[in-house]
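Tertiary structure, described
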Amino acid sequence: MILLDDLLIQEQVLTATFACDLQRCKGACCTLSGGAGAPLLENEVKPLRLAVDTALPYLDERSRKWLADNDPVEGHHGDRSVGCIDDAACVFVYYDNTVAKCALERAFHNGESAFRKPISCHLFPIRVANFGGPYLHYEQIEECEPGREHGARLGVPLVDALKDALTRAYGERTYERMSAAARGEEEGDL
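Residues numbered from 1 in each chain as written. Predicted model: local features only at pLDDT ≥ 70, side-chain atom pairs only at ≥ 80, totals over all residues. Heavy atoms only, no water.

**A look at the sheet that holds strand S3 (residues 39-40)**
Here we have 3 strands laid out as an open sheet, ordered S3-S5-S4, and antiparallel in their pairing. This sheet does not close on itself; its edge strands, each paired only once, are S3 and strand S4 (73-76). Contacts between helix H3 (residues 42-55) and the sheet are confined to S3, S4 and strand S5 (79-82), with S5 contributing the most and set at about 35° to the helix. (Pairing = 2+ DSSP bridges. Helix = DSSP H or I, 4+ residues; strand = E, 2+ residues; numbered from the N terminus. Contact = heavy atoms within 4.5 Å. Axes fitted to C-alpha atoms, helices over the stretch in contact; angles between N-to-C directions.)

**Digging into helix H10 (residues 172-182)**
Of the residues making up H10, those classed as buried are Thr 174, Tyr 175, Arg 177, Met 178, Ser 179, Ala 180 and Ala 181. Among the structural elements, strand S1 (2-4), strand S2 (7-9), helix H1 (11-15), strand S11 (134-138), helix H8 (158-161) and helix H9 (163-170) are those in contact with the buried residues of H10. Positive phi appears at Gly 184, one or two residues downstream of H10, with a value of about 85°. (Buried < 20%, exposed > 50% of the residue type's maximum accessible area, 1.4 Å probe, protein only.)

**Looking at the pairing of strand S10 (residues 126-130)**
The side chains of a regular strand alternate between the sheet's two faces. When S10 meets S11, the two strands line up antiparallel, connected through 5 bridges. Paired with Ile 126 across the bridge in S11 is Tyr 138.

**A look at the nonpolar core**
Core analysis: the largest hydrophobic core is formed by 25 residues, its most contacted members being Leu 48, Leu 67, Val 82, Val 91, Phe 92 and Leu 104. Broken down by secondary-structure element, the contributors of at least two residues to this core are H3, helix H4 (61-69), strand S8 (93-96), strand S9 (99-102) and helix H5 (103-109). Here this core takes 5 residues from H3, the largest share from any one element. For Leu 67, the residues in contact, after removing those within four places along its chain, are Val 52, Leu 56, Leu 59, Pro 72, Val 91 and Phe 92. Listed in part, the 23 residues of the second largest apolar core include Leu 14, Leu 136, Tyr 175 and Ala 181. (Core = buried A, V, L, I, M, F, W, Y, C linked by side-chain atoms within 4.5 Å.)

Quick look at the structure:
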């Protein structure tokens, strides 16, 4: 493990290669079965709820009905997540042909919303746990094997594949230090 300021980082986060391959994985991370949806930070609850209307035009009738009848945020303070339909697909999933994509992010990129998507989604397959401070670890699920293969083929470090997300979550300086560490460059007391 590596300590970078107040971030505890699993070494695999800095040594793994990864590059999403949506044509092969079909956006599986947005449709995994097994209970709760994407984890939410407390400061994301209100922006997510406010972004629902901007996502609706991109969703199918089933998701729109689900959102009309349910709060998109599940759980309680300190343990929140995005709602899922039938304990599988995120309620904000839409399909571009056969690839699951995020309606929240689509609205964001179209300039219709200020909320991009939960940071836990943006950072995936990096997950953040809390052990008295943030702990970043690499979650290797079977569905992301195409991304691991694609990243290895292209030689893309995981931290570089997630540059936008890491910068959004921790700032440009921290991202640059993580990227330098991934390249094996020493940077002071990292």
